[in-house]
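Each chain, letter by letter, is given below.
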Amino acid sequence: MRVVIGEDEVLLREGIAHILAIDGFEVVASVSDAVQLEREVARHSPELVVTDIRMPPSYTDEGLVAALRIRRTHPGIGVVVVSQHVQRRYALELLEGEGTGGFGYLLKQRITDVRTFTADIRRVAADGTALNPEVVSVLVARASRGTSAVGRLTPRQVEVLGLMAEGRSNAAIAARLVLSEKAVVQHASNIYDALELPVDADDHRRVLAVVRHLQAAVPPAR
């Protein structure tokens, strides 16, 4: 599995490359800005891209813009963006962007949990989705304060909803919450009914439906 990394901080860039190499990935390029990132992606056609959101020269959203463009021009490539802070807008732009490959939005502190980080990376590489729990928590909390049916879910259903939004399968949710898969399926079914979402066995499409609902349910800023 070939990977291109985009990160302007040298130590973090080398750290990500080292972690992925140990886990069996082939890091074919490691660059410090968005222009080089797109150039190396075009050159190597990797299966996966990992990039910081804020890159030179303005340190705003160059990495995100590059990631969205990569998903549009190379739709089969999985893309993971990393950030220092949760930005709801970034998650939405990634969700709504073009591309058939997997995608992820992770906070940088996630990288220190090597096992979880590499599991997230592999899920995206397999055309899945990986959203940091903090990203999901912001969406769920804000949706709960709005007019959405999220506010009427039970505490257990909210837990299941959050794990669904992170991109976790029924088996993974069952293991995390110490439930049977049958119980998770029942909770998911009740959530679908409450939120009026179509039932979908495909994990990736399920995540899209759940997160889009959460995003749409967030009350506007005053």
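Relevant structure appears above.
Presented here is a report on the structure given in the accompanying data block. What you are looking at is a predicted structure, and each value in this text was computed from that prediction instead of being measured.

About the thresholds
Residues numbered from 1 in each chain as written. Predicted model: local features only at pLDDT ≥ 70, side-chain atom pairs only at ≥ 80, totals over all residues. Heavy atoms only, no water. Salt bridge = Lys/Arg side-chain N within 4 Å of Asp/Glu carboxyl O. Helix = DSSP H or I, 4+ residues; strand = E, 2+ residues; numbered from the N terminus. Buried < 20%, exposed > 50% of the residue type's maximum accessible area, 1.4 Å probe, protein only. Axes fitted to C-alpha atoms, helices over the stretch in contact; angles between N-to-C directions. Parallel < 35°, antiparallel > 145°, perpendicular 65-115°, else oblique. Left-handed = near helix turned anticlockwise from the far one by under 90°. Contact = heavy atoms within 4.5 Å. Core = buried A, V, L, I, M, F, W, Y, C linked by side-chain atoms within 4.5 Å. Pairing = 2+ DSSP bridges. Right-handed = clockwise from strand over helix to strand, strands pointing away.

### Quick word on the pattern of salt bridges
A side chain of one charge can pair with a side chain of the opposite charge if their charged atoms are brought near each other.
For step 1, the next point in the chain: Per the stated rule, a full pass over the model turns up eleven salt bridges.
For step 2, the next point in the chain: A salt bridge links R110 to D120; its shortest N-O distance comes to 2.8 Å. A residue pair is termed long-range when its members are at least 10 positions apart, and R110 in the loop between β5 (103-107) and α5 (114-125) and D120 in helix α5 qualify at ten residues.
For step 3, the next point in the chain: Of the residues examined, D120 reaches a relative accessible area of 1% and is grouped as buried.

### Side note on the packing of helix α2 (residues 34-44) against helix α3 (residues 62-73)
For step 1, the next point in the chain: Taken N-terminus to C-terminus, the directions of α2 and α3 make an angle of 20°; their axes are 9 Å apart at the nearest point. In terms of their interaxial angle, α2 and α3 are classed as roughly parallel. Crossing of α2 over α3 shows right-handed handedness. Facing A34, L37, E38 and V41 of α2, the residues of α3 in contact are E62, G63, A66, R69 and I70.

### A look at the environment of V160
For step 1, the next point in the chain: Looking at where V160 falls in the secondary structure, it is placed in helix α7 (residues 155-166).
For step 2, the next point in the chain: The class for V160 is buried, based on a relative accessible area of 0%.
For step 3, the next point in the chain: With 14 residues separating them in the primary sequence, V160 and A174 have C-alpha atoms 9.0 Å apart.
For step 4, the next point in the chain: Setting aside chain neighbours within four positions, we find V160 in contact with I173, L177, H187 and I191.

### As for the nonpolar core
For step 1, the next point in the chain: One finds L37, Y105, L161, M164 and L214 to be the most contacted residues of the largest nonpolar core, which totals 48 residues.
For step 2, the next point in the chain: Apart from the residues within four sequence positions on either side, L161 is in contact with V140, V150, L153, I191, L195, V210 and L214.
For step 3, the next point in the chain: The next biggest cluster of nonpolar side chains, apart from the first, holds 18 residues, and it includes V3, I5, V50 and L106.

### Considerations on the sheet that holds β5
For step 1, the next point in the chain: The strand order across the open sheet built from six strands is β2-β1-β3-β4-β5-β6, with neighbouring strands paired in parallel fashion. Of all the strands in the sheet, the pair left with one neighbour each is β2 (26-31) and β6 (129-131). The sheet shows a mean angle of 15° between the axes of neighbouring strands, taken without regard to direction.
For step 2, the next point in the chain: Sheet analysis places strand β3 (residues 48-52) next to strand β4 (residues 78-83), joined by five bridges and oriented parallel. If you follow D52 over to β4, its bridge partner there is V82.
For step 3, the next point in the chain: Sheet strands in contact with α3 are β3, β4 and β5, and its direction is about 160° off that of β3.

### Side note on the pairing of β2
For step 1, the next point in the chain: Across five bridges, strand β1 (residues 2-6) lies against β2 in parallel orientation. Looking at the pairing, G6 lines up with V31 of β2.
For step 2, the next point in the chain: Following the backbone out of β1, through helix α1 (residues 10-22) and into the adjacent parallel β2, one traces a crossover that is right-handed.

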